[in-house]
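# Topology and contacts: notes
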Amino acid sequence: YARAAGHVAYHLGAKLVVVEDTPAFCPPVRSSVGTKTKILLHQHCDKPRVLNSRTWRKTTQAVDGVIFVAEQGRRIIEQTHGRLSVPSFVVYSGVDLNHYAPTKWVADASRIRTTLGIPPEFKVLIYVGRLVPDKGVAEAAEAFNIARLPETHMVIVGSFDVIAAR
């Protein structure tokens, strides 16, 4: 898969390929695209921690840089495999935490509770996401119903994704 993706990138003349969270894909992509295309590994989790150091070295030799989503991820990798031999950056999710501060939304939450008939003293479990089988929302709703939690409501917010047949 990685080699085929690299071939596509090469034939499209890609200047940059970002490999998402799969370090082992980097060497085959590099062999397909050559040295004129930059390769960045965008590392979300600490998966490289479970790789042996030889495999991680091959990965870092194949990339031009690593982007981590948290400083802790970079720290874990360097503790496990030693200092990175390529440039690395930490780019956080970019979520404006001030925008989502609970105190800013008290009036809206109260209005929504009233609209949905949920008393202010009741707890609310909320699911927000795509309403597709892979996300487990049906199982979550079933578990919620089985739990029969007193004075608790579950609210499901999301959209149905239509997946085209392949």
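This one's a predicted model, so the numbers in the text were calculated from it and none came from an experiment.

### A look at the sheet that holds strand β2 (residues 38–43)
Taking strand neighbours across the sheet as the criterion, the 4 strands line up as β1-β2-β3-β4 in an open arrangement whose pairing is parallel. In this open sheet, the two strands that pair with only one neighbour each are β1 (16–20) and β4 (88–90). Each neighbouring strand pair of the sheet contributes to a mean axis angle of 20°, computed without reference to strand direction. Relative to strand β3 (residues 65–68), β2 runs parallel, the two being bridged by 4 bridges. In the sheet register, Leu 41 faces β3, and the bridge partner there is Val 66. The strands that helix α4 (residues 71–81) touches are β3 and β4; relative to β4, the one it contacts most, it runs at about 145°.

### A word on unusual backbone geometry
Its identity is not glycine, yet Asp 21 carries a phi of approximately 60°, on the positive side. By secondary structure assignment, the location of Asp 21 is in the loop between β1 and α2 (26–33).

### So, helix α3 (residues 53–62)
Within α3, burial applies to Trp 56, Thr 59, Thr 60 and Ala 62. Take α3 and look down its axis: the buried residues cluster within an arc of 160°, on one side only. Opposite the packed face of α3, turned more than 90 degrees from it, sit the exposed residues Arg 54 and Gln 61. Structurally, α3 contributes buried residues whose contacts are with α2, β2 and α4. One side-chain oxygen of the residue at the start of α3 lies 3.2 Å from the amide nitrogen of Arg 54, identifying that residue as Asn 52.

### With respect to the pattern of salt bridges
Opposite charge on two side chains permits them to pair, given that their charged atoms come into close proximity. All told, the structure shown has 3 salt bridges when counted by the stated rule. For Glu 71, the salt bridge is made with Arg 74, and the minimal N-O distance between the two is 2.8 Å. Of this pair, Glu 71 and Arg 74 are both found in helix α4, 3 residues apart, which corresponds to roughly one turn of the helix. A relative accessible area of 17% places Arg 74 in the buried class. With a shortest N-O distance of 3.6 Å, Arg 111 and Asp 108 are connected by a salt bridge. Of the two residues, Arg 111 and Asp 108 both sit in helix α5 (residues 106–116), 3 residues apart, roughly one turn of that helix.

### What to know about the environment of Asp 21
Classification of Asp 21 by relative accessible area gives buried; the value is 14%. Taking C-alpha positions, Asp 21 is 9.5 Å from Phe 68, a pair spaced 47 residues apart along the chain.

### Here's the deal with the packing of aromatic side chains
Considering all chains together, one arrives at 1 aromatic pair under this definition. A centroid spacing of 5.5 Å and a plane angle of 45° characterise the contact between Tyr 1 and Phe 25, whose relative ring orientation is tilted. Of the two residues, Tyr 1 sits in the segment before α1 (2–12) while Phe 25 sits in the loop between β1 and α2, which places them 24 residues apart along the sequence. Given a relative accessible area of 74%, Tyr 1 falls into the exposed group.

Analysis parameters
- The written sequence of each chain sets the order in which its residues are numbered from 1.
- In keeping with the predicted nature of the model, local features appear solely for residues at pLDDT of at least 70, side-chain atom pairs appear and are counted solely at 80 or more, and the whole-chain, interface and lining totals rest on all residues.
- Each side-chain value is worked out from all heavy atoms of the structure, with water and hydrogens disregarded.
- For two strands to count as paired, DSSP must find a minimum of two bridges between them.
- Helical segments are the DSSP runs of H or I of at least four residues, strand segments are the runs of E of at least two, and each set is numbered from the N terminus.
- Every angle, taken between N-to-C directions, lies between 0 and 180 degrees, and every axis is a line fitted to C-alpha atoms, over only the stretch in contact when it is a helix.
- The contact criterion used is simple: two residues touch if any of their non-hydrogen atoms lie within 4.5 Å.
- The buried label applies to any residue whose accessible area, calculated with a 1.4 Å probe on protein chains only, is under 20% of its type's maximum; exposed applies above 50%, and partly exposed to all values in between.
- It is the directions from the helix axis to the C-beta atoms whose arc is reported.
- Any pair of N or O atoms that falls within 3.5 Å is considered a polar contact. Within protein, one atom must be able to donate a hydrogen and the other to accept it, and sequence-neighbouring residues count only if both atoms are side-chain atoms.
- In the sections that follow, a salt bridge refers to a side-chain nitrogen of Lys or Arg positioned within 4 Å of a carboxyl oxygen of Asp or Glu.
- Classification of ring pairs uses Phe, Tyr and Trp, with its six-membered ring standing for Trp, and accepts pairs whose centres are within 6.5 Å; under 30 degrees between planes counts as stacked, over 60 as edge-to-face, and the remaining range as tilted.

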